[in-house]
Amino acid sequence: MGLTGSVLAIDAGNSKTDVAVVAADGTVLATARGGEFRPPTVGVRAAVDTLARAVAEAYARAGVTAVGHVSACLANADLPVEEEQLAAALHARAWGSSVEVRNDTFAILRAGVAEPRGVAVVCGAGINCVGMRPGGRTARFPAIGRISGDWGGGWFLAEEALWHAARAEDGRGGPTELARTLPAHFGLDSMYALIEALHLGHVEHARRHELTPVLFATAAAGDPVARRIVDRLAEEITTMAVVALTRLDLLSEETPVLLGGGVLAAGHAQLDDAVRQLLAERAPKAVPRVVRERPVLGAALLGMDRLGAAAAAQERLRAHFAHDAS
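Now for a look at the structure at hand. Given the structure is predicted, the values throughout are model-derived calculations rather than measurements.

So, how was this worked out
Residues numbered from 1 in each chain as written. Predicted model: local features only at pLDDT ≥ 70, side-chain atom pairs only at ≥ 80, totals over all residues. Heavy atoms only, no water. Pairing = 2+ DSSP bridges. Helix = DSSP H or I, 4+ residues; strand = E, 2+ residues; numbered from the N terminus. Axes fitted to C-alpha atoms, helices over the stretch in contact; angles between N-to-C directions. 1 Å grid on protein atoms, 1.4 Å probe; cavity = no way out; pocket = protein on both sides within 12 Å on 5 of 7 lines; lining within 4 Å. Points joined across faces, edges and corners; volume = space filled by probe spheres on them. Nonpolar A, V, L, I, M, F, W, Y, C, P; charged D, E, K, R; others polar. Phe/Tyr/Trp six-rings, centres within 6.5 Å; stacked < 30°, edge-to-face > 60°. Lys NZ or Arg CZ within 6 Å of the ring centre and 35° of its normal. Contact = heavy atoms within 4.5 Å.

### Describing the sheet that holds strand β7 (residues 127-132)
And step 1. If you trace the five strands from one edge of the open sheet to the other, you get β8-β7-β6-β9-β10, paired in mixed fashion. For this open sheet the edge positions go to β8 (138-140) and β10 (286-290), each flanked by a neighbour on one side alone. Each neighbouring strand pair of the sheet contributes to a mean axis angle of 15°, computed without reference to strand direction.

Structure, rendered in structure tokens:
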């Protein structure tokens, strides 16, 4: 069968890839899941090869060979030049007549709103924020770490907690329960033992992310240092949202502010309450909500927006993923 799908939606993150083939009427013809998407680590060609395996599986299930439009929301597409490079790489695969690449945060935003209008702040392994209005106007940040002014994200929080805990144990900093709770997570009795284990590789580098929930638990138990770190994160999340709303002239209008990613979706009461309180003070018209819809839905909706799909088609698409998640 030939060109029957209208949109190939791709949501590619640092840990997994989801793809969906969607017909013009919003019917989901097929979905597939692939591996991690990490162009900075493996190169663009190898990263797109990972996408290709999932796309081939979805196309085979849908019985199509190409679509009208490819809507790809990709991790590590942080700068316009990176989006252009990745769009060219996807276009070369001839998966569709047209290709649009966006940062994956846009998928989370579009999945959580009824129209392409709002702001999303995502705090998972890293932190990012984007905003959009109908007509294509957007607000975004480079979001590539400290060199672009970022503060936050799970990896950063773990490092911050380790910093305070190390200084508490050796006397360079004030006391904090983190000096006990962080090493205890790995069955160790001191920060010195944890520092040694991390440095020598006895605790794998990738396991540092496990310390972020420990930080939140220590804050919930009342530790002042841990609580200050969580409050600082709430400040950063709010600041990003307010700046995006300001850039899009949305501060004076009732506007969804979507909160996504593992840290924000975890339901940490101190963080949630602080973000909502700060938004109420600085952006009273903002309507915060944790987004739980699958990001690939957002990528598909962005593709449908591009093709001018009817509201009924978008509702059918949403209904599929609502049923799929249940």
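### Side note on the layout of surface pockets
A probe as big as a water molecule, rolled over the atoms, marks out the empty space that is left.
And step 1. Estimated volume of the largest pocket: approximately 1600 Å³.
And step 2. Lining the largest pocket are 50 residues, and of these N14, D104, G124, A125 and G126 lie nearest its centre.
And step 3. Taken together, the elements giving at least two residues each to the lining of the largest pocket come down to β1 (5-12), α1 (39-42), α4 (105-111), β7, α5 (154-170), α8 (211-220) and α10 (262-265).
And step 4. Here the lining of the largest pocket is composed, by residue class, of 19 nonpolar, 19 polar and 12 charged.
And step 5. Taken as a whole, the second largest pocket holds about 160 Å³ of empty space.
And step 6. In this structure, the second largest pocket is lined by E100, R102, P116, M132, R133, P134, G135, G136, L302, D305 and R306.
And step 7. Of all the elements in the fold, those that place two or more residues in the lining of the second largest pocket are β5 (96-103) and α12 (295-307).

### Things to note about the packing of aromatic side chains
And step 1. On inspection of all chains with the given rule, the structure shows one aromatic pair.
And step 2. For R102, the ring lying beneath its charged end belongs to F106, and the centroid distance is 5.2 Å.
And step 3. When the ring centre of F141 is taken as reference, the NZ or CZ atom of R247 above it lies at 4.7 Å.

### A few points about the sheet that holds strand β3 (residues 28-34)
And step 1. The five strands lie next to each other as β3-β2-β1-β4-β5, forming an open sheet whose pairing is mixed. In this open sheet, the two edge strands, each paired with only one partner strand, are β3 and β5. Each neighbouring strand pair of the sheet contributes to a mean axis angle of 15°, computed without reference to strand direction.
And step 2. As paired elements, β1 and strand β4 (residues 67-74) share seven bridges and run parallel to each other. For L8, the partnering residue across the bridge sits in β4 and is V70.
And step 3. Helix-sheet contacts for helix α2 (residues 44-62) involve β1, β2 (17-22), β3 and β4, and the interaxial angle to β3 is about 150°.
And step 4. The sheet contacts of α12 involve β1, β2, β4 and β5, and relative to β1 the element is tilted by about 140°.

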